[in-house]
Each structure stands twice: as structure tokens, then as C-alpha cells.
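Close look at the chain arrangement
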Number of protein chains: 2
Amino acid sequence: MTYDQDLQIIEKYQKEIITLSRISALLQWDTQTYMPKHANEERADQTSYLAEKIHTKMTADEFWEAVLRLNEDKSNLNDKQKRIVEILYKDIGKSKKLPKEFVVELAKERSLSFNAWQKAREEMDAEIFLPHLGKIIKLKLKEIEYRGHEGHPYNTLLDDYEEGMTVEKLDPVFDKLKAGLIELLRKIKESDIYRDQKKVLLAGEFDKDKQIKFTNDITKVLGLEENTSRLDLSEHPFTTTLGLRDVRITTNVRDDPLFSIGSTIHEAGHALYELGMPDSEQYTVISDAPSLGLHESQSRFWENMVGLGKPFWKHFFPKAKDLFTIEDDIELWHKEINQVNPHYIRIESDEVHYCLHVILRYELEKGLMDGSITVDNISDEWNKKVKEYFDLDVRNPKEGFMQDVHWSEGYFGYFPTYALGTIYSAQIYNQLVSEMTDVEDQIASGSFEKIKEWLGEKIHKYGSMRMADDIITGVCGKGLDTDDFLEYLNKKYGKLYRFN
Amino acid sequence: MTYDQDLQIIEKYQKEIITLSRISALLQWDTQTYMPKHANEERADQTSYLAEKIHTKMTADEFWEAVLRLNEDKSNLNDKQKRIVEILYKDIGKSKKLPKEFVVELAKERSLSFNAWQKAREEMDAEIFLPHLGKIIKLKLKEIEYRGHEGHPYNTLLDDYEEGMTVEKLDPVFDKLKAGLIELLRKIKESDIYRDQKKVLLAGEFDKDKQIKFTNDITKVLGLEENTSRLDLSEHPFTTTLGLRDVRITTNVRDDPLFSIGSTIHEAGHALYELGMPDSEQYTVISDAPSLGLHESQSRFWENMVGLGKPFWKHFFPKAKDLFTIEDDIELWHKEINQVNPHYIRIESDEVHYCLHVILRYELEKGLMDGSITVDNISDEWNKKVKEYFDLDVRNPKEGFMQDVHWSEGYFGYFPTYALGTIYSAQIYNQLVSEMTDVEDQIASGSFEKIKEWLGEKIHKYGSMRMADDIITGVCGKGLDTDDFLEYLNKKYGKLYRFN
């Protein structure tokens, strides 16, 4: 085989796998949005058929051998080709280390365990879920054994979602962040404002159809165009990419409008990233984010740094006020949407508490993977940490260790990316402000074009050409660093709770 | 290979092909309903990828050889297996006769020709479309040559949509129908009522959101449940099957509410048929209608025999009246929705004119296939017939031979099934009334359960186990026969136009 033939082979396989993945993404989108309920089983036949096809393509000998040959001598490859081969070598190599029977067993157990998690939540009975969780953990340990690890065993799983991330790198970052957050929370909770805080505007009525209208308006102003994107409703909000000109987000509507507004802005951030992937790489692994953390940096950038700020509401509050007929007090609105309150549930948490939820999971996952925590004491360990970090007594497992879907589906190593994205988002925002001094004026006037261009130029356009931390270093002059985020929180909440 | 092994092979291939077809159906549904416009090209990559996969599976040697072996000696097969082998032998054999280059060329030309048809309509310039139509016709003639034919060359194409149908069988049926319709139209047009007819209720305003609500209500009453079906909006109404528990229909909303109402009932008829396919045959060729004509018999049954009758409106008119605030005159409403008016466009035509439109196309298609008509005189021949049958002067090709999409996509032999379905629907309704004397009372009380059960028992449950005409003979004691339809029209319109 010549270089050119091998390059053609990997081009062909990438195109097929990406095409199949997008078809699969449509099926998943439809399942969560419009599919009639009784079609569940038939749909499962369809999605599992595609999953198997993707796996077969991904592990095909012809593909793997071409990657191996190209990987052996990269001297004739250009930078893009080098990076593609590097990514493929890593991704396929990973699958290649797992025996087929193991893959099948894990897939089966994930589905059983997910069902058990749902049932356990419905019946408020952790015993239904625990044996499955135990089995999933055993299988993940087995996976680490197959794939090998350097340093902490958890590193193998971390790397799946954040290439190059390790416990050794993450521990000091999270320790510093945890200390900073706990200190900040202490100050907030000692303030008079905290003691007396209540909700007035947000306690009003927010018509659900109007929430849908409002969130649609927001996506349009943020720049999601109807020719290339959609907003629909689903049980859990998500973003999915059906093509570089077809990125879809969803939201859900509750009594408190912050859920639909926050999740819409969050998903819109993901969508803007996906829509900004390099066009020429439509059918290569380059047209993807290099890590989930970097992806999350985009959603958190828009959700928190932009969407929770006063400038944003200078533009949107008048619209909200008209639509929902609430009192005309933007200061009060801004205070209420930024109220700090401990909560059992991660996805219901404010900006300050949020990362503590993530760190809690990170600490437990590490323990589960090195054996210092087991499925027998997971609930107790969880509750102990909730007491320690949030001063809350977990009332039931649905508010405790059974609140997230991730573990039931075997996603260990995923949670940290939520905090990484949050940390990155503050670094990115700081850098943006230093380069573009009128950012807040732009936001206040509902003009997001320049900000999006900046993000596109600095981050989106690379796709996976560079690793996440390299991209951040390129933008900010330094890699992952919690200082910006902690400073941002201290400044903002010091003002809101008047302790500075 | 043993019998059992061969049976396993054909089972496996059917399941894969049906799974792929349903995935493909979701893509097509989404393309017509919710897909962002600029995703067109990416979507084409996805659909053509699946189409190629389906074709490859369909013509795989392993599959074909198993079918050939089973077809050679069917003595050990049960009835169902026999029928499956018979259908597969026919369907695959058809593909096998076409060289791969020909299939690719036809597919490519279909797509070019469809684009040319759209452009020609936009620019009102037949010259853009005619060369492509010429090429498509040439390719269809080539296809007939490859596949061979008995009797008229057009028979090969007719059989694609209506198994066993031939020009020799169809000519006398359509001749009789044509004569009957022309005679009936003469009587209608000579009546005083026809001369003085106008629209009063239907000239009012019909809010589009309310039309959507009304059509949704209709589907629910007809028995399309939200757990297994959906109604959405698309440019052209259609029905598509994503599974036996996921059948979706669409409609479109115009000023005149008859379009949304009529098309919804029509598509609901198709959907009820699909939802009634035998559950146990989910993944075999049995879970499909034996012909398009029989499928159309179900849509026309509900659209015309039920949906245009007075009993139906006894139930639905009060709801329509409330929703649209129109005058409370059900007699007038019934007259107006059944008004006979010649129209250039087939899909805008009333019950009496409709089949003449179909016969016109049938006569032209026969001519195109035996060479007595060519692409050079197709427009003139079309217009001559419109003058003869409808006494209308075609004003432009968009109202003439370019009105339907079918020819641009190479669907020759398809049109007759619309008339066959219409003829069948009257036969079926007559038989139903003779067996269930209170049908009209049931309809008038909005109760469709027994009618659906009857259709399910007599028609739906068979899937493709029997051929269309055998099913009709089983239900009605005779096969295709225009008498019922002509009698029905004469009785109904004799009363409406008072010439009996």
C-alpha cells in the first residue's frame, strides 16, 4: 500500500463512520423529542443496528492497518494528516484492546443498569440499582485492566473525555478550587443579604408557551439561525450534531423560568461551537471538539459569563418583562437569578456551588477506581461529603448518589469535564475582555457577532487540530488555571452579598 | 445449505433491509418536516449512503442464492414462507436484471431531472425540463428491455406498483370508467344547480392554527393514537412508516380548509393500514401492502367514502362550526365540500373529475412506452386531452404536464394505482354497508372502532400474504370492478345536483 492509498482508506472510513454517527444522532434526537412512546423497542433495534455498524467500521482491519502504517512513518504527512492519524491511532487502538465479548457485555449491562436506575428512582429503592452499579464498576475496572494505565487507574477513564488529563494534574487544581469555593461560600453565608434573601420576581408565574417563545428569541439573538439549527423540547436538554449545517438543541420548561433560559443558553453555546467547526473537515475527526471540557467551556461561557451577567439582561430583561408581565426591576432580577443556595442536585445548583458537586463526584470516582470506596459504602460516602460541602442531610438516594444518569451508563471520568469547562470559560472571558474592551456594551446592546467571531477565530476553527489545553494556552497565554474563575466569583458575589 | 440455513439467511437479510428502510424513512420524514434548510446537502449524503446500503443488501449473492434454492423446491415451506420466497424472488430478480451502471445512471438522472422539474416550474420554462424527461423516458424504455415484458411494454412498469396488473386488464376497466364519468359530468354540468353553484361557507376565513387543531382532533377520533403515530406539517402531505408502532402522517394548511382536512383523512387512512400490519411479521416482507392500489383503497375509503359523507359531518360539523365560527348549516357545508368543478390540477380535483386525471396520465404513459407519443409532443397531447375531458385550455405547463412530480423521478406506472384505489374503496364501502347495516349511524356518532376492526380483519391483517385483487375478491366476492364506484357517484351526485 502506498501513502496515498492508505490516506484514501482512512478518508473513506472516516466519512462512513461520521455519516453513520449523524444518522444515529438523528435517531437519538427523534427519540428524545417527537417519537411516539410505543416505538421504543423498534427504535432500539434501529439504534443498536447502527451502533454495531459503527463499531464494525471503527475496528475494521483494513482501517486499522492503514492507520498503523501511517502512524509508523509520519514524515510525509502534513500537519492535519498527522493529527488525524494521531487521533485515529488512539481511538481505534482503544477499541482494539477490548475483546468483543467484553464490549457486548458492557453494552448489555449499561442498558440493564440504566433501566434499573430509572426503576430505583421511581420506587425510591436503591437496592434495585446497587447490584447493577456494582457490576458496572467491576466492568470499568476490567476495562482499565485491558487498556492499561499510567499513574492512577482512573487516568485511563479521564483521558476518554479529556485527552491527556490525569489525577496527578487534576488533584491540585480541584483542591485549590474546592478551598476557594468553600471560603467564598463561608463569606456569602455569613452575610446579611444571604440571611434575608428571598425570591420575589422569580416566584411569579411564567407561562410555559411564553417561556418557549422567549428561549426561541434568545437563540435567534445569540445567532442560531433557523437555516442551520433548531430548538425543541425534551425531557433533558441536550445538543446534537446532524451535520455542520444542522445542529439541534433542546430545552425543557418548568415553573421557574431559569431552567429553560439557562439550559437554552447553555445548549446554544454548545451549538455555536459545533456550527463553527471547520467546513473543510466535515468528514474527518478534525471536525469535533478536542475534549468535552473545551466543549463545556463554550456552553458555560454563554450560560454563566454572559447569561448571568447584568449586560445580558440589559438587553433581555425588557423583553422578559413584557412577555411575563413582571415588575420592572432589573437589579432585583439580576440578584435573584444569581442567588446562592445550597442544593442537593447538581443541575439545580448555582454557579458557586456547582463545581463542588463536580468535585464530590470526582473524589468518589477516584475512590471507586482505586478500591478505597466500594458500592457498599458509596451512598454513605456521598452523603458524608454533601454534609461536609453543603451542610445538607441527603433525604433519599434520588437526591443523593442516584441523582445523575452517568454512573448507570458507565460514564466514569466524565464529570470532571463540567468543572474544567467552567474554569476554562472564566479564563476565556477574561481574555476576551482584555482584548475587546467594549464587550459588555456589545452584550448590553444584544450584539454578539464580534464575540462569536472571536471565539470562532480563537477556538472553534481548530476543531480537534490542537488539544484542549493547547488551544486555551493559545488564547489565554496559560493553560488550565482556577485563578480567573475564583477571582470572577469573588468579585461578582462580593458585590452581590456586599462583603468586599 | 439446508432449508433451515437458507430460511435463516433470508430472515436476517429481511430484518436488515427493513431496519435500514425505516431509518431511511426517518431521514426522509425529518427532511420534509423539521430539518433546517441548509442541511440539504449533508442530508443527501446520509440518504444516499443508506440507499446504497439497502441496494447492496438487496442484491447480495448470499441472499439471492438462498432465495433461488428455496424457490426451486417449496414443498417443505409453509404458506407464509412460500409467499415470502415468492415476493423476494420477484423483487430481487428485478434488481438482478439491471446492470449496476444502469442503476447508477438512472438514480443520477432521476435526481437531475427532479431538480430540472423544480427549476422549470419556478421559471415557467418547459424547455428546462423536457430534455431530462426525454432522458428519463429513454432510461425507462431501456429498463423494460432489460427486464423484458409480456404483452404491452408498459406492463413491466405497472407491475412494480400493482403486482399482476397489465394494460390488457386495465384498458377495459378504465374505458368503462371514463365513459361513466364523462356521462355523469355531462348530467352534472347540465343541471341548474351546477350553473348557479358558488361557495359561501368555504369562502370564509379558516385560521391556520385552528385548522391544525381540527385536523389533529380528527386523527384522534379516527383512532390514530399519540403513542404510535404523529401528525406534522410538510409541503406535500405524506405517510411514512418508521415501525409498526410509529407511523407518521403530514398535512399542509391552506386558506381553503378542505386541503388540510381532506389530506389528513387521506393520510390517516394510509396510517391505519400500516398500523394494522401483522405484528408477527414486523421484519418480513409480509408486513407491507401487496400493492399501492390496495394502499390507496384505504386512504380513499376514509377520505371520500367516509370523509365526504353527511354522517361524518354530523359528528364533525358542530366542532368545525365552533372552531371556525361559520354559519350553522350542515346541508350547505355538505354541498360545498362536494361541489364538482373541473380543475387543471389532479390533486385539487373533486371525486368525479379525479379519476379522469389519472386516466389521462395512464393513456399518455402507455403512449410514451409504446412510442406512439414522444417527449416532443407530450405537452400538446396532454393539453388536447385536458380540453377533451375537462373542457379547459391549459394556460401553462405548470398547470399541464409539469404539475406532478412523478415523471421527473421516473415513476411511470404509478398513477393508475390512484384510480384503482378509488375503485376498490367504493367496493369495500358497499360490502361494509351490506354487512354492517348501521355503519352510517356509527360514523355519525364518531365511533369508528367497528369499521376499523372490520377493515383490519378483512384487509390489514393479511399484509402481503395475498395479492391485492385476491384480498378484494375475498372481501367483496369479486375483484376490481368499476360498477360500485360509478353507482356510488351517480347516486350521490344525482341527489346533490338533482338530476335523478
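Residues numbered from 1 in each chain as written. Chains lettered and ligands numbered in written order. Predicted model: local features only at pLDDT ≥ 70, side-chain atom pairs only at ≥ 80, totals over all residues. Heavy atoms only, no water.

Looking only at helices and strands, chain A features 21 helices and three strands. Taken against the 2.2 N^0.38 rule, which gives 23 Å for 500 residues, the C-alpha radius of gyration of chain A at 23 Å falls within 12% of a compact globule. Dimensions along the principal axes, computed over C-alpha positions, put chain A at roughly 70 × 50 × 50 Å. Per-residue burial for chain A yields a buried fraction of 57% across its 500 residues. Taking as baseline every contact in chain A between residues at least 6 positions apart, the subset at least 24 positions apart corresponds to 72%. The average position of the 67 basic charges and that of the 90 acidic charges among the side chains of chain A differ by 1 Å. (Helix = DSSP H or I, 4+ residues; strand = E, 2+ residues; numbered from the N terminus. Rg over C-alpha atoms; globule rule 2.2 N^0.38 Å. Buried < 20%, exposed > 50% of the residue type's maximum accessible area, 1.4 Å probe, protein only. Contact = heavy atoms within 4.5 Å. Lys, Arg positive; Asp, Glu negative; His and termini not counted. Charge placed at Lys NZ, Arg CZ, Asp CG, Glu CD.)

With that out of the way, let us pick up the relation of the copies chain A and chain B. With an axial shift of 0.0 Å and an RMSD of 0.0 Å, the rotation relating chain A to chain B amounts to 180 degrees. Expressed as an axis order, the relation between the two copies is that of a two-fold axis. Both copies share a contact surface, since 100% of the interface residues of chain A are interface residues in chain B too. (Least-squares fit on C-alpha atoms with pLDDT ≥ 70 in both.)

Here we take up the interface of chain A and chain B. Listed as interface residues are 37 residues of chain A and, on the opposing side, 37 residues of chain B. When chain A packs against chain B, close to 3000 Å² is buried across both sides, 55% of that on carbon and sulfur atoms. Where chain A packs against chain B, one counts eight salt bridges. A salt bridge links D246 of chain A to R43 of chain B, with the nearest nitrogen and oxygen atoms 3.8 Å apart. (Buried area = accessible area lost by both parts, 1.4 Å probe. Salt bridge = Lys/Arg side-chain N within 4 Å of Asp/Glu carboxyl O.)

This part takes up the side chain of T228 of chain A. Looking at the secondary structure, you find T228 of chain A in the loop between helix 10 (208–222) and strand 1 (229–233). With a relative accessible area of 13%, T228 of chain A lands in the buried category. Those residues within four positions of T228 of chain A in sequence are excluded, and the remaining contacts are R245, D246, V247 and L275 of chain A together with P36 and H38 of chain B.

It is worth spelling out the sheet that holds strand 3 (residues 246–251) of chain A at this point. Residues and elements named next belong to chain A. The three strands lie next to each other as 1-3-2, forming an open sheet whose pairing is mixed. Edge positions in the sheet fall to strand 1 and strand 2 (239–243), since each of these pairs with one other strand and no more. Neighbouring strand axes in the sheet, compared pairwise and without regard to direction, differ in orientation by 25 degrees on average. Where strand 1 and strand 3 come together, five bridges link them in parallel fashion. In the sheet register, L231 faces strand 3, and the bridge partner there is I249. Helix 1 (residues 3–33) contacts strand 1, strand 2 and strand 3 of the sheet and is inclined by roughly 140 degrees relative to strand 2. (Pairing = 2+ DSSP bridges. Axes fitted to C-alpha atoms, helices over the stretch in contact; angles between N-to-C directions.)

Next up on the list: unusual backbone geometry. Residues and elements named next belong to chain A. The phi angle at D391 is positive, at roughly 55 degrees, despite the residue not being glycine. Structurally, D391 can be placed in the loop between helix 16 (378–390) and helix 17 (416–435). The class of D391 is exposed, set by a relative accessible area of 53%. Of note in this structure, R498 is not a glycine but carries a positive phi near 45 degrees. Here R498 is to be found in the segment after helix 21 (483–496).

According to the stated counting rule, one finds 94 salt bridges over all chains in the structure shown. Salt-bridge contacts for E86 of chain A lead to R83 of chain A; the nearest nitrogen and oxygen are separated by 2.6 Å. You can see E86 of chain A and its partner R83 of chain A sitting in helix 4 (residues 79–96), three residues apart, about one turn around the helix. Look at E86 of chain A and you get partly exposed, because its relative accessible area is 35%. On the basis of relative accessibility, which here comes to 6%, the residue R83 of chain A falls in the buried class. The salt bridge partner of K176 of chain B is D483 of chain B, with a shortest N-O separation of 2.8 Å. With K176 of chain B in helix 8 (residues 167–190) and D483 of chain B in helix 21 (residues 483–496), this residue pair connects regions lying 307 residues apart in the sequence. Three or more residues joined by partner-sharing salt bridges are found here, namely R83, E86, K90, D159 and E163 of chain A.

Attention now goes to the side chain of S287 of chain B. Residues and elements named next belong to chain B. Topologically, S287 is positioned in the loop between helix 11 (257–275) and helix 12 (292–306). A polar contact of 3.1 Å, which involves the side chain of S287, links it to the backbone oxygen of T284. If we skip the residues at most four places from it in the chain, S287 touches R22, M277, P278, E281 and Q282. (Polar contact = N/O pair within 3.5 Å; in protein donor to acceptor, adjacent residues only side chain to side chain.)

Another aspect to go through is the sheet that holds strand 1 (residues 229–233) of chain B. Sheet strands pair by backbone hydrogen bonding; their relative direction is either parallel or antiparallel. If you walk across this open sheet you meet the three strands as 1-3-2 (chain B), and the pairing is mixed. The sheet terminates laterally at strand 1 and strand 2 (239–243) of chain B, the two strands that pair on one side only. The mean inter-strand angle of the sheet, taken between neighbouring strand axes irrespective of direction, is 25 degrees. Set on the sheet, helix 2 (residues 40–58) of chain A makes contact with strand 2 and strand 3 (246–251) of chain B; between it and strand 2 of chain B the angle comes to about 75 degrees. On the sheet, helix 10 (residues 208–222) of chain B packs against strand 1 and strand 3 of chain B and is oriented at approximately 160 degrees with respect to strand 1 of chain B.

Further remarks concern the confidence of the model for chain A. Of the residues in chain A, 100% reach a pLDDT of 70 or more, and the chain-wide mean stands at 96. In the predicted complex, the global pTM is 0.94; the interface-specific ipTM is 0.93. (pLDDT = per-residue confidence, 0-100.)

With that settled, the discussion passes to a negative patch on the surface. Residue and element names in this part refer to chain A. There is a patch of like negative charges on the surface, built from E205, D207, D209, D255 and D256. By secondary structure assignment, the location of D207 is in the loop between helix 9 (192–196) and helix 10. Judged by its relative accessible area of 37%, D207 falls in the partly exposed class. (Patch = residues over 30% accessible without salt bridge, like charges linked within 9 Å, V, L, I, M, F, W, Y side chains within 5 Å. Areas by Shrake-Rupley, 256 points an atom, 1.4 Å probe, with all protein chains shown as cover.)

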